[in-house]
Amino acid sequence: MSPQRCGWCSNDPLYIAYHDEEWGKAEHDEARLFEMLCLEGQQAGLSWITVLKKRENYRSHFFQFPITEIAVLTDDQLENKLSDAGLIRHLGKLKAIRDNAIAWLKLKDEVDDVVFWLWSFVDQKILENDVVNYREAPAQTEISQILSKTLKKRGFKFVGPTTCYAFMQAVGMVNDHENDCYFK
């Protein structure tokens, strides 16, 4: 018998692995945080499983490289990536990855430790939520609204409050696993 998982987790092995190994676990690696912030932005208007299925292609095109290399991609290089069906072929979203790399590097110059800065929005600890049913979990919170506004002011793209909350859930800043989920 398989363990009880959150209701949003389908039987897709990719989704199960994501739920069991990543979602809601505290992430403090800078490159992984950057990747997840960008991938959550790629999801805008789509399902998360769509992004998960394309994640290895995104890693091949972007996230196996240092943020400094992503920041210098040209518009032509990004437009060339539109031919790969393994990516979400939306030029604005692809440019956002580069623009977010630029914003990340500027932020790093200002705050020195971007990881600590991001986690400061939750006072460096995981916010534990009482989630009986995932459908009752908020789509955004006051904290995600503040994070979104702050990131946008610093030049980040595709970081609305709902995207920021999904990012916070993904990297374990909040624990929204359902109460009867084995991970809780």
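This text follows the structure it describes.
The following paragraphs examine the structure supplied in this document.

Conventions used here
- Residues numbered from 1 in each chain as written.
- Predicted model: local features only at pLDDT ≥ 70, side-chain atom pairs only at ≥ 80, totals over all residues.
- Heavy atoms only, no water.
- Helix = DSSP H or I, 4+ residues; strand = E, 2+ residues; numbered from the N terminus.
- Buried < 20%, exposed > 50% of the residue type's maximum accessible area, 1.4 Å probe, protein only.
- Polar contact = N/O pair within 3.5 Å; in protein donor to acceptor, adjacent residues only side chain to side chain.
- Contact = heavy atoms within 4.5 Å.

## Things to note about the side chain of H61
Here comes step 1: For H61, the position within the fold is in helix 3 (residues 48–63).
Here comes step 2: Take H61: its relative accessible area is 18%, and that puts it in the buried class.
Here comes step 3: Here the side chain of H61 touches K81 through a polar contact of 3.2 Å, side chain to side chain.
Here comes step 4: Filtering out sequence-adjacent residues up to four positions away, H61 remains in contact with K81, D84 and L87.

## With respect to the environment of W8
Here comes step 1: As for its placement among the helices and strands, W8 is situated in the segment before helix 1 (13–21).
Here comes step 2: The buried category is assigned to W8, whose relative accessible area is 17%.
Here comes step 3: Sequence-wise, W8 and R135 are 127 residues apart; in three dimensions their C-alpha atoms are separated by 8.5 Å.
Here comes step 4: Discounting chain neighbours no more than four positions away, the residues touching W8 are Y15, Y18, H19, W23 and Y134.

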